[in-house]
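Secondary and tertiary structure notes
Okay, here's what each chain looks like letter by letter:
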Amino acid sequence: MKLYRLRIVLLSSCLVSLMVAKAQQNNLPQLGKSPVSEVVKAMTLDEKVSLLVGGGMFVPGMAMPGASAIPSEAQKRVTGAAGTTIAIPRLGIPAIVVCDGPAGIHAFNAGKSRMYYATAWPTGTLLASSWDTSLVKKVGVALGGEAKEYGIDILLGPGMNIHRNPLGARNFEYYSEDPVLTGNIASAMVDGIQSNGVGVSAKHFFANNQETNRNTVNTKISERAMREIYLKGWQLMVNKSNPWTIMSSYNLVNGPHTAENYELLTTILRKEWGFKGFVMSDWFGGRDAAGMIKAGNNLVMPGLPQQKKAILDAAQSGKLDEKVLDQNVTEILGIILQSATFKGYKFSDNPPLKEDAKIAREAAAESMILLKNDGKSLPIAPGTKLAVFGNNALDLIAGGTGSGDVNKMYTVPLIDGLFRAGYMLNPDLYLAYAGYIETEKSKRPKKTGMEELMSPTIPIPEMIVSNEDIRKAANNADKAIIAIGRNAGEGNDRKETDDYFLTEKEKTLIREVAAAFHAQNKKVIVTLNIGGVIDVSQWRDQVDAILLAWQPGLEGGNAIADIISGKVNPSGKLATTFPAAYQDDITAKNFPGKEFKDRPVTGLFGQKAYEAEVVYEEGVYVGYRYYNSFGIKPAYEFGYGLSYTDFNYTNLKTSAPSITDNLQVSVTVSNSGSVAGKEVVQLYISAPNNKLDKPSSELKAFAKTKLLQPGESQEITFTLRPADLASFDTKTSSWIADAGNYTARVGTSQKTLLSATFKLAKDVIVEKVNKVLVPKEPINELKSVIGKVK
């Protein structure tokens, strides 16, 4: 009996304890029901640190550093996602999922059960070439919708770095060489994606303009170049669109890694620009985990056990103030509250891919650029007999490699797009190329994604077509199309030989096809399916037309055919300059910088690496700012692009002779041709050059017309503020609009069609900022003195 009573007492005691614990659990603050400050207060130190370190990567079939063999619930939710945060169920904090990428969803090796097939959208450079923010937002809405239906909370994109040099391997992910175009296009994309309740992580913040030594290179930039070129686009996007998150870059800038740079992530991003979201690191980026948290890099990704330990140790020893942890945690919780996961959204795993493919096709066609069209070689009427040459005609490159790749179900090659458009194609050429490509692909070794990143597969060499076969094709076809392709991506920058320059086989193909077809007075068209700028000067005079398709996404072949047939009138304009010669680019002399073999460091995944540096000696003279200011004629200038119709510009006027708070500049654009088309109107400003050395002109605004029918007109109006006229004065750490005469130049590309002048009566200090990110030693920057390099 005594033993029975003892058991009753013990059982009662346990029940009471459980009831007390349950009551305590019920009294705990819960995210979304209690103030965030109360939730943070209730968190243990271990929980706070856990939230600041990602949950690792779980990739089926791949051993990732720090990854568990068993996936978490969040990792199961989106198999193969790039990363997750850690859940804290007792406080109602769910784990959220982040996933690549900027041109479409990319889940790594997701497995046969859930492949996450997604739309491969036109790449960043192609979308920017539309100069159409409404179109880009439309793409963003669709992309964000796909992410939401796959259970993804944050998309890792868009990419926003500047095209500093043509050989940058990830230029395809980025928009432009110009910060105003970059900022506005990025803002449209962010607005579109986030309209779904899905966040972005705009990347890579900042000056991540090369892949060579990307984890170890110290990028040395002057304060002015930094503010006017490399940060300006980010500032525009943050102020316009309030991105949920921003991803810090791998590189160092003027000393520290960006992920460990308080002046960048807190002083500039948060205090000056008012950023309200959180910052995550690039994957395995940074060196000092505790230093990253101090700097304002809230989330260390993808998260390693040793990083959590380092932050815990720093907090417990007092080297890292717990108030700093609390601030970082608060900012992350603020975004989790907005997430689809927190709101309990029931994702379908079934996004509207057919509908989205139509948007991708539209966006690609609306963005492509007609570089050359002698003798109206394009458009070509369906039913025309075509001889199509080039491996790329059967093997379209939808987008770049690495994290910018996409889990696409299909890709429409050029040859398929032409066939569907109703062209009569040479079957002998098609069969020869198909057999050759299949044979060459079968020889390639199978590689994991990581192996491909570290050692990219060499492209299949261009198939050799005999002169006899070319002559036969010329006899049986009305016109020739030669498809040239290029790809690049994460991990390795491009090379001049056989990449920037065409290979000898490609140049031979163009020369021999052109000779055979021109001998019969038949036109030759080249399509460029490329991720970055290539040389055109060595061969463009041999062909009649050149269509720049960049990397057009999964519907690329159909979109190219839409332009070739005239179904869509090309209206894209270059967002980056094509130099006449690579060495004409001012950055060619120091890209990608120098490597210090006597300073070895441990690189990504334990690989041997070396400290490196690159000095941006060109200062603000990047891209067209250099070519225009120094009288260097490029092959094709920034903003250039042809149409199948013609446009007239008239009635340029300013709202007043002087600017005070703002000034309107308006112009009328008329379609003076015979077919409907759209025009990109570009506004450049030439500023007084008596105090600061300034480029000859800079893009300040742009707009795309509606589809104008022949004879139809549209008035475009731009609004300028003193802030738009300001340059950064390093001495005073101020943005200053100088007093004097300004010229507004309106036109297409750098060819001024109309101009008007206005005055600013006195200097206007638009904004005074903090003196931060100062180079440790002076940079001998390029200056323009009466058009001469100094």
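Now for a description of the structure that goes with this document. (Residues numbered from 1 in each chain as written. Predicted model: local features only at pLDDT ≥ 70, side-chain atom pairs only at ≥ 80, totals over all residues. Heavy atoms only, no water.)

1. Digging into the overall build of the chain
The criterion, for reference: Segments assigned H or I by DSSP are reported as helices when at least four residues long, segments assigned E as strands when at least two residues long, and all are numbered from the N terminus. It is over C-alpha atoms that the radius of gyration is taken, and the globule rule equals 2.2 Å times the number of residues to the power 0.38. Only protein chains enter the accessibility calculation, which uses a 1.4 Å probe; a residue whose area is less than 20% of its type maximum is buried, one above 50% is exposed, and one in between is partly exposed. We call two residues contacting when some pair of their heavy atoms lies within 4.5 Å. Exposure was quantified through the Shrake-Rupley algorithm and a 1.4 Å probe, taking into account, for residues, occlusion by the shown protein chains and nothing else.
What the chain contains, in helices and strands, is 23 helices and 28 strands. At 28 Å, the chain has a C-alpha radius of gyration in line with the 28 Å of a compact globule built from 790 residues. The principal-axis extent of the C-alpha atoms belonging to the chain is close to 115 × 70 × 60 Å. Counting only residues that meet the buried cut, the chain has 60% of its 790 residues in that class. Contacts spanning at least 24 positions in sequence make up 78% of the contacts within the chain whose residues lie at least 6 apart. Of the roughly 31100 Å² of accessible surface on the chain, a fraction of 53% belongs to carbon and sulfur atoms.

2. Here we look at the sheet that holds strand β24 (residues 740-748)
Note the threshold: For two strands to be treated as a pair, DSSP must find at least two bridges joining them. Only the contacting stretch of a helix is used when fitting its axis, a line to C-alpha atoms as for every element, and angles between N-to-C directions run 0 to 180 degrees.
Strand order in the open sheet made by the four strands is β20-β19-β24-β25, with antiparallel pairing throughout. Both outer strands of the open sheet, β20 (698-704) and β25 (751-760), are each paired with one neighbouring strand and no more. Averaged over all adjacent pairs, the angle separating strand axes in this sheet is 20 degrees, with direction ignored. As defined by bridge partners, strand β19 (residues 680-686) adjoins β20 across six bridges and the pair is classed as antiparallel. From the neighbouring strand, V680 faces β20, where its bridge partner is K704.

3. What about the packing of aromatic side chains?
When we look at a pair of aromatic rings, we describe it by the centre distance and by the angle of the planes. Definition in use: Stacked, edge-to-face and tilted labels apply to pairs of Phe, Tyr and Trp rings (six-membered ring for Trp) whose centres lie within 6.5 Å, assigned for plane angles under 30 degrees, over 60, and everything in between, in that order. Lysine and arginine charges are scored as sitting over a ring when NZ or CZ, respectively, is within 6 Å of the ring centre and within 35 degrees of the ring normal.
Taken as a whole and assessed by the stated rule, the structure comprises 19 aromatic pairs. Both rings, one in Y626 and one in F630, keep their centres 5.1 Å apart while their planes meet at 40 degrees; by these two values the pair is tilted. Per residue, the accessibility class of Y626 equals that of F630, and both read buried. These aromatic residues form a ring-pair network of at least three members: W131, Y624, F638, Y684 and F702. One cation-aromatic arrangement involves K232 over W735; the distance from NZ or CZ to the ring centre is 4.8 Å.

4. What to know about the sheet that holds strand β15 (residues 594-602)
On the basis of which strands lie adjacent, the open sheet formed by four strands has the order β7-β5-β16-β15 and mixed pairing. Two strands in the sheet have a free side with no partner beyond their single neighbour: β7 (252-253) and β15. Two elements, strand β5 (residues 217-220) and strand β16 (residues 608-615), share four bridges in a ladder whose sense is parallel. By the bridge assignment, T219 is partnered in β16 with V614.

5. Some thoughts on the pairing of strand β23 (residues 734-737)
Burial along β23 is two-sided: S734 and I736 and W735 and A737, pointing in opposite directions, are all buried. Looking at chain direction, strand β22 (residues 727-729) and β23 are connected through three bridges and run antiparallel. What sits directly across from S727, in β23, is I736. Hairpin connection of β22 to β23: four residues between the antiparallel strands, including S733 at a positive phi of 50 degrees. Sheet topology note: the β23/strand β26 (residues 764-768) ladder contains four bridges and is antiparallel.

6. Thoughts on the packing of helix α3 (residues 45-52) against helix α13 (residues 322-336)
Our working rule: To sort the angles, those under 35 degrees are grouped as roughly parallel, those over 145 as roughly antiparallel, those from 65 to 115 as roughly perpendicular, and the leftovers as oblique. It is the rotation of the near helix from the far one that decides the hand of a crossing: anticlockwise by less than a right angle makes it left-handed, clockwise makes it right-handed. Just so you know the grouping, Ala, Val, Leu, Ile, Met, Phe, Trp, Tyr, Cys and Pro go in nonpolar, Asp, Glu, Lys and Arg go in charged, and all remaining residues, Gly too, go in polar.
The N-to-C vectors of α3 and α13 enclose an angle of 55 degrees; their axes lie 9 Å apart at closest approach. The angle between α3 and α13 places the two elements in the oblique class. The handedness of the crossing between α3 and α13 comes out as left-handed. In this structure, α3 contributes L45, K48, V49, L51 and L52 to the contact, and α13 contributes E322, L325, D326, N328, V329, I332, L333 and I336. Looking at side-chain class alone, the contact of α3 with α13 contains nine nonpolar, one polar and three charged residues.

7. With respect to the nonpolar core
Here is the rule: Working definition of a nonpolar core: buried Ala, Val, Leu, Ile, Met, Phe, Trp, Tyr and Cys residues. They are joined through side-chain atoms within 4.5 Å.
Grouped together as the largest cluster of nonpolar side chains are 86 residues, with contacts concentrated most on F205, F206, I221 and W234. Among the elements that make up this core, the one with the highest residue count is helix α7 (residues 179-194) (seven residues). Counting 75 residues, the second-largest nonpolar core is a separate cluster that includes A480, A545, V568 and Y636.

8. Observations concerning the side chain of S241
So the rule is basically this: Under the rule applied, a polar contact is a pair of N or O atoms within 3.5 Å (in protein, one hydrogen donor and one hydrogen acceptor; residues adjacent in sequence only if both atoms are side-chain atoms).
Mapped onto the fold, S241 is located in helix α9 (residues 232-241). Engagement of the side chain of S241 in a polar contact is seen with the side chain of D191, the distance being 2.9 Å. Once you skip the residues sitting within four places of it in the chain, S241 turns out to touch S187, V190, D191 and Q194.

9. Some details on the pattern of salt bridges
In a structure, side chains of opposite charge can pair up when their charged atoms sit close to one another. The condition that has to hold: The term salt bridge refers to a side-chain nitrogen of Lys or Arg lying within 4 Å of a carboxyl oxygen of Asp or Glu.
All told, the structure shown has 44 salt bridges when counted by the stated rule. Its salt-bridge partner being E322, residue K48 comes within 2.7 Å of it at the nearest N-O pair. Highlighted residues: K48 in helix α3 and E322 in helix α13, separated in sequence by 274 residues. Overall, the relative accessible area of 35% leaves E322 in the partly exposed class. With a shortest N-O distance of 3.5 Å, R721 and D724 are connected by a salt bridge. Shared partners join several salt bridges into a network, and the residues in it are R170, E173, E211, R214 and E490.

10. Concerning the side chain of E366
Its place among the elements puts E366 in helix α14 (residues 353-367). Residues contacting E366, with those up to four places away along its chain left out, are S130, L135, V568, S571, G572, K678 and K704.

11. Digging into the environment of A82
Relative to the helices and strands, A82 resides in the loop between α4 (73-77) and β1 (83-84). Between the C-alpha atom of A82 and that of L156, which follows or precedes it by 74 residues, the distance is 8.8 Å. Not counting residues up to four positions away in its chain, the partners in contact with A82 are M57, V98, C99, D100, F108, L156, W283 and P302.

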